[in-house]
Amino acid sequence: MAELSIKKKKPKILHPFLVAVFPVLIIYSQNIGRVNFEELILPIALVLVFSIGLFYILKIILKNPYKSALIVTVILIFLFSYGHIYYLLNDVSIGGEDLGRNRYLIPAFGIGLVVSIFFIIRTKRVFDNATSIFNVIGAVFIMVAISNVALVGAEISECEKCANQELFYERKDFSKYFEPHKFVLNDNPPNVYYLILDEYARSDSLLEFHDFDNSEFVNFLQDKGFHVAENNFTNYPMSVQAIPATMNMNYINFLANEIGTEVRNYKPLNEKDYGLYPNNMVIKNFKEMGYKIITFNTFALHLHENPLSDQSFCHRTAFVLDNRLFDVLTRTSIFGYFVERWAEGELRQVTVCTLDKFGESYDVFEEPVFIWAHVMLPHPPWIFGPNGEEITPGKPLLITDNPEFRDSGWDVKRQYIQQVQFANKKTTEIVEKILENDSNSIIIIQGDHGTAWDVNWFEPQKEDALQRMKNFDAIYFPDIEKRDLLKDDRTLVNTFRTVFNAYFNSQYEILDDKMYWSYNQKPYTFDEVTNHLIAD
């Protein structure tokens, strides 16, 4: 009887494309609410184009689709696992040598990749069975990423409206929470300068937690006529909350009901067209009075021109890394070192540009101006020495940008103080320039919050709240008799209420000072800590 032959069905090649999409999905699943759902499109498209293109190029060269696919998968694994290995080894040392350094890891990964590709090319195996196995592994990877998204959904499922707000937030009108006011301008309305120095702590906090005496800078401001508060606080522990509260002159606790306490979607706060950060009542009030608005786009590379601005300086043109998912993807890849250095250069450039131009922008318009800048100093990344020297951070920006993960073998407190010193140096120049050329102006210099060394974000003690909520606060009124309105016991939410009452004849109520705690994962959960901060 003739022997029957059964032709084995060839497996389909899927694993390179599944592996390519996996890191994008897993990063998105870990940042739901902080990035827009539509931001998935660009990074997925780019990694798929790269993977498909490389696959077909190798297929033409090797004449073997299975080997070509396996090489693509191996390359992707080496590319996108690098950053995670780097973070794991960042503080691991052997014989005094830190293993988590690019000088060691890049050559090791390069050798490993070359050896793997050489083995795949030289072996006589067909890799059809391996293709089936890798297809399954790739599918499992995708299921893990999707499961992470489902877990986030499960976390917020108890809140009826939270899931929709988390993934598909639609713009809401919050105007009912902000009362309208009338203003009266005199014949020579003052220009108003507002400089936010991110994470600049109060002087007593600098002394307690950093052993740094800031009296030289404080004395300089006081000699110039500034009122530097000594017992002030921020109202919220994170910039994304504190600044919207300041710029809307009101507490933002209504977001707990409007959005949901379990939601992590930051759009209501910082969406560039309608979030409470850019689309705020302070700017609207000044525009109503005929002021021109000048801004400096330094808060983040992903926030572009404020839609209410009349003139914007120091902003950069759009770039592919403005997509936050793709930005994180590249930073955790083997190219992360080069992306980090590029990002540091960009941040240095816009920071120095802002500090140089801030005090000389008053004459751009004939009308009075409100000039607003939010500078990432002394907030990390650690990229400046005390005189503006270029410093390379001791830890990746992805970690130092997150206030909950800042422990490092680097002397970060020393570097923080060096950036305080640089901020002092540039702010001194700004103040002298403004008072020389525009002495009738109002100048506000504030930190949005304090530092967070060893702070327990999830179960804060009194010391944690005190450290984080003590912010720097200095205000200059050109009229000496009006400086009595500036009190030592104040919080940020009343800053512009005081300004508008003093100089524009408004009748804003000065709100009771209250402070609330929350953290990144729950930006709309507000736990009052006022009693921990204000002594009886």
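So, a few notes on the structure that sits alongside this text. Only a predicted model underlies this, so the values are computations on that prediction, with no experimental measurement involved. Residue positions are counted from 1 within each chain, in the order its sequence is given. Per-residue local features are limited, in this predicted model, to residues with pLDDT of at least 70; the limit for side-chain atom pairs, both in listing and counting, is 80 or more; totals at the level of whole chains, interfaces and linings are taken over all residues. Hydrogens are left out, water is left out, and the side-chain values use all remaining heavy atoms of the structure.

So, the nonpolar core
- If you look at the biggest cluster of nonpolar residues, it comprises 64 residues, and the most contacted ones within it are Phe286, Phe370, Phe496 and Phe500.
- Any pair of residues with heavy atoms lying within 4.5 Å of one another is described as a contacting pair. Leaving out residues up to four positions away in the same chain, phenylalanine 500 has contacts with Phe183, Met249, Val282, Asn285, Phe286, Met289, Asn505, Ser506 and Tyr508.
- One finds Phe212, Val228, Ala373 and Ile445 within the second-largest nonpolar core, a separate group that totals 46 residues. We call a set of buried residues a nonpolar core when its members are Ala, Val, Leu, Ile, Met, Phe, Trp, Tyr or Cys and they connect through side-chain atoms within 4.5 Å of each other. Per-residue accessibility, obtained with a 1.4 Å probe over protein chains only, is compared with the maximum for each type, and a residue is labelled buried under 20%, exposed over 50%, and partly exposed between these values.

What to know about the packing of helix H2 (residues 41-62) against helix H3 (residues 65-89)
- Put simply, H2 and H3 touch, their axes get as near as 8 Å, and they point 140 degrees apart. The pairing of H2 with H3 is recorded here as oblique in orientation. The handedness of the crossing between H2 and H3 is right-handed. Contacts between H2 and H3 involve Val47, Phe50, Ser51, Leu54, Phe55, Leu58, Lys59 and Leu62 from the first element and Pro65, Lys67, Ser68, Ala69, Ile71, Val72, Ile75, Leu76, Leu79 and Phe80 from the second.
- Residues are sorted three ways: Asp, Glu, Lys and Arg are charged, Ala, Val, Leu, Ile, Met, Phe, Trp, Tyr, Cys and Pro are nonpolar, and all the rest, Gly among them, are polar. Partitioned by chemical class, the residues of the contact of H2 with H3 number 14 nonpolar, two polar and two charged. All axes are obtained by fitting lines to C-alpha atoms, using only the stretch in contact for helices, and the reported angles, taken between N-to-C directions, cover 0 to 180 degrees. In this description a helix means any DSSP run of H or I spanning at least four residues, a strand means any run of E spanning at least two, and both kinds are numbered starting from the N terminus. The labels follow the angle: roughly parallel below 35 degrees, roughly antiparallel above 145, roughly perpendicular from 65 to 115, and oblique for the rest. Crossing handedness is defined as follows: a turn of the near helix away from the far one that is anticlockwise and smaller than a right angle gives a left-handed crossing, while the clockwise case is right-handed.

Looking at the sheet that holds strand E6 (residues 311-313)
- The pairing criterion for strands is at least two bridges between them, as found by DSSP. Taken in spatial order, the seven strands line up as E4-E9-E8-E3-E7-E5-E6 in an open sheet, and their pairing is mixed. Pairing within the sheet leaves two strands with one partner each, and these edge strands are strand E4 (227-228) and E6.
- Note that strand E5 (residues 292-296) and strand E7 (residues 369-375) share five bridges and pair parallel. Paired with threonine 295 across the two strands is tryptophan 372, which belongs to E7.
- Contacts from helix H9 (residues 239-248) reach strand E3 (192-197), E7 and strand E8 (442-446) within the one sheet, and its direction differs from that of E7 by about 170 degrees.

What about the packing of aromatic side chains?
- A pair of Phe, Tyr and Trp rings is counted when the ring centres sit within 6.5 Å of each other, with Trp represented by its six-membered ring. The angle between the planes then sorts it: under 30 degrees is stacked, over 60 is edge-to-face, the rest tilted. Per the stated rule, a full pass over the model turns up 37 aromatic pairs.
- Ring geometry for tyrosine 194 against phenylalanine 496: centres 5.1 Å apart, planes inclined by 80 degrees, an arrangement best described as edge-to-face. With tyrosine 194 in strand E3 and phenylalanine 496 in helix H18 (residues 495-504), the pair connects residues that are 302 residues apart, well separated along the chain.
- We classify phenylalanine 496 as buried; its relative accessible area is 0%.

Structural notes on the packing of H3 against helix H4 (residues 102-122)
- As a packed pair, H3 and H4 sit with axes 10 Å apart at the nearest point and diverge in direction by 160 degrees. With respect to each other, H3 and H4 are oriented roughly antiparallel. Of the two elements, H3 crosses H4, and the hand of that crossing is right-handed. Facing H3, whose interface residues are Lys67, Leu70, Ile71, Val74, Ile75, Phe78, Ser81, Tyr82, Ile85, Tyr86 and Leu89, H4 presents Asn102, Leu105, Ile106, Phe109, Gly112, Leu113, Ser116, Ile117, Ile120 and Ile121.
- Of the residues assigned to the contact of H3 with H4, the class counts are 16 nonpolar, four polar and one charged.

Things to note about the side chain of glutamine 446
- Counting through the fold element by element, glutamine 446 comes out in strand E8.
- Residue glutamine 446 is classed as buried on the basis of its relative accessible area, which comes to 1%.
- At a separation of 3.2 Å, a polar atom in the side chain of glutamine 446 contacts the side chain of aspartate 473.
- Within the local environment of glutamine 446, its side chain forms a polar contact with the side chain of threonine 495, the two groups lying 3.0 Å apart. N or O atoms closer than or at 3.5 Å make up a polar contact, with two conditions inside protein: a donor-capable atom paired with an acceptor-capable one, and, for residues adjacent in sequence, both atoms drawn from side chains.

With respect to the environment of proline 478
- Take proline 478: it is sitting in the loop between strand E9 (473-476) and H18.
- Through-space distance from the C-alpha of proline 478 to that of isoleucine 443 is 8.8 Å; in sequence the pair is 35 residues apart.
- Not counting chain neighbours up to four residues away, the residues in contact with proline 478 comprise Ser439, Asn440, Ser441, Ile442, Arg483 and Tyr503.

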